[in-house]
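What the coordinates show
Next come the chains, spelled out residue by residue.
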Amino acid sequence: MKNSEKPQKRWKTYLFSALIAFVVSFGVINLNERLKEDPIAIQQVSGLKGQHVLYTADNEGNIKPLDFTKTTDKVLDAVVHIKSIKSSASGSAEQFEYRQLPDPFRDFFGDMFKRAPEGKIQPQPIYGTGSGVIIHDEGYIITNNHVIDNADEVEVTLYNNETYDATVIGTDPTTDLALLQIRADNLKTMAMVNSDDVEVGEWVLAVGNPMGLNSTVTAGIVSAKARNININKEKFAVESFIQTDAAINPGNSGGALVNLEGNLIGVNTAIASRTGTYNGYGFAVPSNIITKVVEDLLKYGKVQRGMLGVTIRTMDGTLAKEKNVEFSKGVWVENVGENSAADKAGIEPGDIILKVNDVMVNTSPRLQEIIASKRPGDTVKITVKRDGKEKIFKVVLENAKGTTDILKKERKEVLNLLGADFETIDKSIAKKLGIDGGVKVVRLYPGKIRKETQMREGFIITHIDGKKVTDIDDIAKLLEDKKGGVMLQGTYEKDPGKYYYAFGLDS
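What counts, and at which threshold
- Residues numbered from 1 in each chain as written.
- Predicted model: local features only at pLDDT ≥ 70, side-chain atom pairs only at ≥ 80, totals over all residues.
- Heavy atoms only, no water.
- Helix = DSSP H or I, 4+ residues; strand = E, 2+ residues; numbered from the N terminus.
- Buried < 20%, exposed > 50% of the residue type's maximum accessible area, 1.4 Å probe, protein only.
- Contact = heavy atoms within 4.5 Å.
- Areas by Shrake-Rupley, 256 points an atom, 1.4 Å probe, with all protein chains shown as cover.
- Pairing = 2+ DSSP bridges.
- 1 Å grid on protein atoms, 1.4 Å probe; cavity = no way out; pocket = protein on both sides within 12 Å on 5 of 7 lines; lining within 4 Å.
- Points joined across faces, edges and corners; volume = space filled by probe spheres on them.
- Nonpolar A, V, L, I, M, F, W, Y, C, P; charged D, E, K, R; others polar.
- Salt bridge = Lys/Arg side-chain N within 4 Å of Asp/Glu carboxyl O.
- Axes fitted to C-alpha atoms, helices over the stretch in contact; angles between N-to-C directions.
- Phe/Tyr/Trp six-rings, centres within 6.5 Å; stacked < 30°, edge-to-face > 60°.
- Lys NZ or Arg CZ within 6 Å of the ring centre and 35° of its normal.
- Polar contact = N/O pair within 3.5 Å; in protein donor to acceptor, adjacent residues only side chain to side chain.

Comments concerning the overall build of the protein chain
- Helix and strand content of the protein chain: twelve helices and 28 strands.
- A burial count over the protein chain gives 43% of its 507 residues as buried.
- A fraction of 61% describes how many contacts in the protein chain between residues 6 or more apart in sequence connect residues 24 or more apart.
- Accessible surface computed for the protein chain: about 28300 Å², of which carbon and sulfur atoms make up 50%.

Let's talk about the pairing of strand β27 (residues 485-492)
- Most of β27 sits inside the fold, with six of its eight residues counted as buried.
- Hairpin connection between β27 and strand β28 (residues 495-504): a loop of two residues separates the two successive antiparallel strands.

Concerning the layout of surface pockets
- Empty space within the largest pocket amounts to approximately 1000 Å³.
- Forming the boundary of the largest pocket are 32 residues, of which Lys302, Val303, Leu407, Asp421 and Glu423 lie nearest the centre.
- Elements that contribute at least two residues to the lining of the largest pocket include exactly β9 (167-172), β23 (420-424), β24 (439-444) and α12 (472-479).
- Sorting elements by how many residues they give to the lining of the largest pocket places β23 first, with four residues.
- A breakdown of the residues in the lining of the largest pocket according to their chemical character gives eleven nonpolar, seven polar and 14 charged.

A short note on the pattern of salt bridges
- Within this structure, the stated rule accounts for 23 salt bridges.
- Notably, a salt bridge pairs aspartate 77 with lysine 188, separated by 3.7 Å at the nearest N-O pair. Taken together, the residues aspartate 77 in the loop between α2 (69-75) and β3 (79-88) and lysine 188 in the loop between β10 (177-181) and β11 (203-208) connect sequence positions 111 residues apart.
- The partner of arginine 386 in a salt bridge is aspartate 351, with the nearest N and O atoms 2.7 Å apart. Of this pair, arginine 386 sits in strand β21 (residues 379-386) while aspartate 351 sits in the loop between α7 (341-345) and β19 (352-356); the two residues are 35 residues apart in sequence, bridging distant segments of the chain. Comparing arginine 386 with aspartate 351 shows no difference in burial state: the two are buried.
- One network of salt bridges, with partners in common, ties together Lys292, Glu295, Asp296 and Arg375.

Quick word on the sheet that holds strand β13 (residues 241-244)
- In spatial order, the strands read β11-β12-β13-β16-β15-β14; together these six strands close into a barrel with antiparallel pairing. Pairs of neighbouring strands in the sheet enclose a mean axial angle of 45 degrees, with direction left out of account.
- Inspection of the sheet shows β13 paired to strand β16 (residues 281-286) by three bridges, in the antiparallel sense. For glutamine 243, the partnering residue across the bridge sits in β16 and is phenylalanine 283.
- Along the sheet, helix α5 (residues 287-299) makes contact with β15 (264-272) and β16, crossing β16 at roughly 40 degrees.

A look at unusual backbone geometry
- Even without being glycine, asparagine 324 reaches a positive phi, approximately 60 degrees.
- The residue asparagine 324 is located in the loop between α6 (317-323) and β18 (331-336) in this model.
- Residue classification places asparagine 324 among the exposed positions, given a relative accessible area of 71%.
- Its identity as a non-glycine residue notwithstanding, aspartate 465 has a phi of 50 degrees, on the positive side.
- By the element assignment, aspartate 465 lies in the loop between β25 (459-464) and β26 (467-468).

Here we look at the packing of aromatic side chains
- Under the criterion given, the structure shown has five aromatic pairs.
- A network of ring pairs unites the aromatic residues Phe459, Tyr492, Tyr499 and Tyr501 as a single cluster.
- Between the NZ or CZ atom of arginine 456 and the centre of the ring of tyrosine 492, over which it lies, the distance is 4.2 Å.

Looking at the side chain of threonine 383
- Mapped onto the fold, threonine 383 is located in strand β21.
- Assessed through its relative accessible area of 4%, threonine 383 is described here as buried.
- Threonine 383 has contacts with Ile352, Ile353, Leu354, Lys355, Glu390, Lys391 and Ile392, leaving out every residue within four places of it along the chain.

Section: the pairing of strand β5 (residues 124-134)
- Bridge count between β5 and strand β6 (residues 140-144): two bridges; the pairing is antiparallel. When the bridges of β6 are listed, valine 133 appears paired with isoleucine 142.
- A loop of five residues connects β5 with β6, the two strands running antiparallel in sequence, and glycine 139 in this loop sits at a positive phi of about 95 degrees.

A look at the environment of aspartate 196
- Turning to its location among the elements, aspartate 196 is positioned in the loop between β10 and β11.
- Sequence-wise, aspartate 196 and serine 287 are 91 residues apart; in three dimensions their C-alpha atoms are separated by 8.9 Å.
- In this view, aspartate 196 contacts Lys225, Asn288, Arg366 and Glu369; residues no more than four positions away in its chain are not counted.
- In this structure the side chain of aspartate 196 is engaged in a polar contact, spanning 3.5 Å, whose partner is the side chain of asparagine 288.

See the structure below:
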């Protein structure tokens, strides 16, 4: 009996399974038929606006939604992409210049004798990228000096992808700033604000071209002001950065740091990072320093730096104990240069600088920033604390040479095209080299000379196309209306001999 029950159970199981399969199959077939007649529609909502979840207050204290879109629309057209181009020889190729060598064959071959490289290889260009900000509708662009330093050519691309060759109007390595110019119409510009009015905690946007990603906008707040991170190694470097937590990466250098009104409060310059990419903090040169540098470059051709002539340290509790003085916020004067502006005014080592022109000075970078906004010959009122009492001194600022002179540079367009800063040499140097006079190339930046020759800084120009050169005016006069090839003849103070460099002025 038990054996006959097993086949019946199996038969019932098979029948039940077949029934389930039939129902499922019928359902699938029926569903497919319904899908053909009535396909599924994916609902899509258009025009849904982002919701404002943050609020801020304007200058009148009115509460309003925090919206970055209007600011972004206002500033994007004024921020540019900068490409610096430098030619570089590879392999065993040797860079060389035409040189008249002290060789017996020279008399036979004359000035055509040259030291030529063996195995010359076609130079391969090296490219660098950064950002810049259009600050005037005549095509003036501010950027970082390190973006264009050592480049042979500079190319600027606007937000609309139009590209232009840029001329370097001037540079200031002490603040890591450079001023460029392009020839273009209908440019959108960005206005600068008084960076002293910028407050810690206010919202800012960083705009630039990081990591090859053009026209990138990031948001953050001002984290601190008057920061010194010791990144600039120039002798008279000025560092008083605005610190922000808006994301800044390589390629952002020279780009804009703006407030919610879309005005420039600083130029993004550096990041604090162990990896080389964004790690939480970025640093921008404040707009007040930028304004001063631009004004000087346009008016004088070079930056006029007023100096106190002191060595300083920010006061803190540890320094107060070390010097055995009562702590007070300010800047400790460690040393005073002999016959410096501060020395002549009566400031002494051990003084604590409290104010400049009634503006509180709590840190060394802040003092540097204020003094850097002045020129030689300007008078500033310095309030110091000495032996527990406040004293006021009037200091007439001086330049690096210890005078109140404004050191101008000839600002001829042709000199900008050459891409060099020039200086007439002293008679003592001329006598030492056995020449009548000349003009030294003290600094090179992107331009004709760097692009088309192998000239080094320090070259002393004695002749142009065979005509004698004794001062900077001679260079401007000889080249102002020049077209075609130009031959420079001269020497180096540390490497005597005659050198020749040729380039063209057709464009």
